[in-house]
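Residue-level listing of the chains:
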Amino acid sequence: MSTTTLAFDETIRNRFSPRAFLPEPLTEEQIRQVLTDAQSSPSNCNNQPWHVHIVSGKTKDALEKAMVRNHSEGIVTPDFTFDYADFYGDYFDRSQEQARIYYETLGVTREDKIKRDEVYIRNFKFYGAPHAAFLFMPSFGDNIRVASDMGMYGQTFLLSLAARGYAGIPQTLLGFHADTVREILGVSEQYRLLFGISFGYADPNAPTHHVRMGRISIDESVTIHS
Ligand SMILES: Cc1cc2nc3c(=O)[nH]c(=O)nc-3n(C[C@H](O)[C@H](O)[C@H](O)COP(=O)(O)O)c2cc1C
């Protein structure tokens, strides 16, 4: 098996969030290589607070079924808040723009509530990915430092996937049914579900495969002091 990885700049440019995957699974060894990379992530005081559950096969199917059922029954049990209404100004505009690009690529109009719901539900179907990682964390203080450590882990995981020719998408929505996920995976209530990452091989024939979300210029994000 090849263990060749892309150069850093290629890895960064190749990473994107695919919303369609091929069914072909990774081997356990390939997944372990990614997990080994992610394990090197930095964390506050070297806490290493990531508690990660990888799901495939029957377990993933059971989660998908339960999350889709919860959604159809209007049940949501997120451990952390998420509300578009909290966004404002440019932050809100950027969120609208990325949704607009995605839905337009799929040919789904704003008015077509049924199709939009179908697209939303793809989150709970892991966008067709053969694997997903559920990122659980302990709760310390206001949870901000722990969550930032989890973000570090998530990004290393994603870059490792990209460097190795695989792909993944981080999903807040995979944390929307935290009680159900904990129950099915046998996870203690002391661990909170921050987000999940669906991963595998991106489907090169999906209409969204070549869509790339833009970024603002570094001058809008960074102030360089001399
Ligand atoms: C923590 C986090 C949570 C996200 N949650 C979702 C999600 O629930 N569903 C989804 O389709 N995309 C989700 N995304 C993907 C973002 O929409 C995506 O990263 C952003 O639009 C930039 O696109 P790119 O990753 O292709 O560069 C999430 C990204 C991050 C970092």
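Keep in mind the model is a prediction, meaning the values are calculated, not measured.

Caption draft 1: A look at the site of the ligand. As a matter of local geometry, the ligand sits amid 14 residues, with S17, R19, Y127, T172 and R215 nearest to it. One nitrogen or oxygen atom from the side chain of R19 is found 2.8 Å from an oxygen atom belonging to the ligand. One of the side-chain N or O atoms of N123 is found 2.9 Å from a nitrogen atom in the ligand. The fraction of the free accessible surface of the ligand (620 Å²) that becomes covered by protein chains is 71%. Among the elements that make up the shell around the ligand, the one with the highest residue count is strand β3 (residues 167-171) (three residues). Taken together, the residues that form the shell around the ligand break down as six nonpolar, five polar and three charged.

Caption draft 2: Just the pattern of salt bridges, in detail. The tally for this structure, following the rule as stated, stands at seven salt bridges. Residues D90 and R94 are paired through a salt bridge, measuring 3.9 Å at the closest nitrogen-oxygen approach. Of this pair, D90 and R94 both sit in helix α4 (residues 89-106), four residues apart, which is roughly one turn of that helix. A residue is classified by how much of its surface remains accessible, and D90, at 47% relative accessible area, is partly exposed. Here the residues in one salt-bridge network are D79, D179 and R182, joined through shared partners.

Caption draft 3: Region of interest: the side chain of D149. With respect to the secondary-structure elements, D149 resides in helix α6 (residues 144-163). Of the side chains with opposite charge, R145 comes closest to the buried, unpaired D149, at an N-O distance of 8.3 Å.

Caption draft 4: Inspection of the nonpolar core at higher detail. Grouped together as the largest cluster of nonpolar side chains are 28 residues, with contacts concentrated most on L63, M67, F126, F134, F136, V181 and L185. Mapped onto this core, the elements with two or more residues apiece are α3 (57-72), α4, β2 (131-137), β3 and α7 (178-185). Sequence-distant contacts of F126, defined by excluding residues within four places in its chain, comprise F21, K60, L63, E64, M67, A132, F134, L174 and S198. Membership of the second largest hydrophobic core comes to 19 residues, among which are L26, A38, L158 and F195.

Caption draft 5: Quick look at the UniProt feature "domain: Nitroreductase" (unreviewed entry) in the protein. Within the UniProt annotation, "domain: Nitroreductase" (unreviewed entry) is assigned to residues 12-201. Spanning residues 12-201, this segment combines 45% helix with 14% strand, and its end C-alpha atoms are found 17 Å apart.

Here is what the cut-offs are and how they apply
- Residues numbered from 1 in each chain as written.
- Predicted model: local features only at pLDDT ≥ 70, side-chain atom pairs only at ≥ 80, totals over all residues.
- Heavy atoms only, no water.
- Near = heavy atom within 4 Å.
- Polar contact = N/O pair within 3.5 Å; in protein donor to acceptor, adjacent residues only side chain to side chain.
- Areas by Shrake-Rupley, 256 points an atom, 1.4 Å probe, with all protein chains shown as cover.
- Helix = DSSP H or I, 4+ residues; strand = E, 2+ residues; numbered from the N terminus.
- Nonpolar A, V, L, I, M, F, W, Y, C, P; charged D, E, K, R; others polar.
- Salt bridge = Lys/Arg side-chain N within 4 Å of Asp/Glu carboxyl O.
- Buried < 20%, exposed > 50% of the residue type's maximum accessible area, 1.4 Å probe, protein only.
- Lys, Arg positive; Asp, Glu negative; His and termini not counted.
- Core = buried A, V, L, I, M, F, W, Y, C linked by side-chain atoms within 4.5 Å.
- Contact = heavy atoms within 4.5 Å.
- UniProt positions renumbered as here; feature names shortened; annotations may be inferred.

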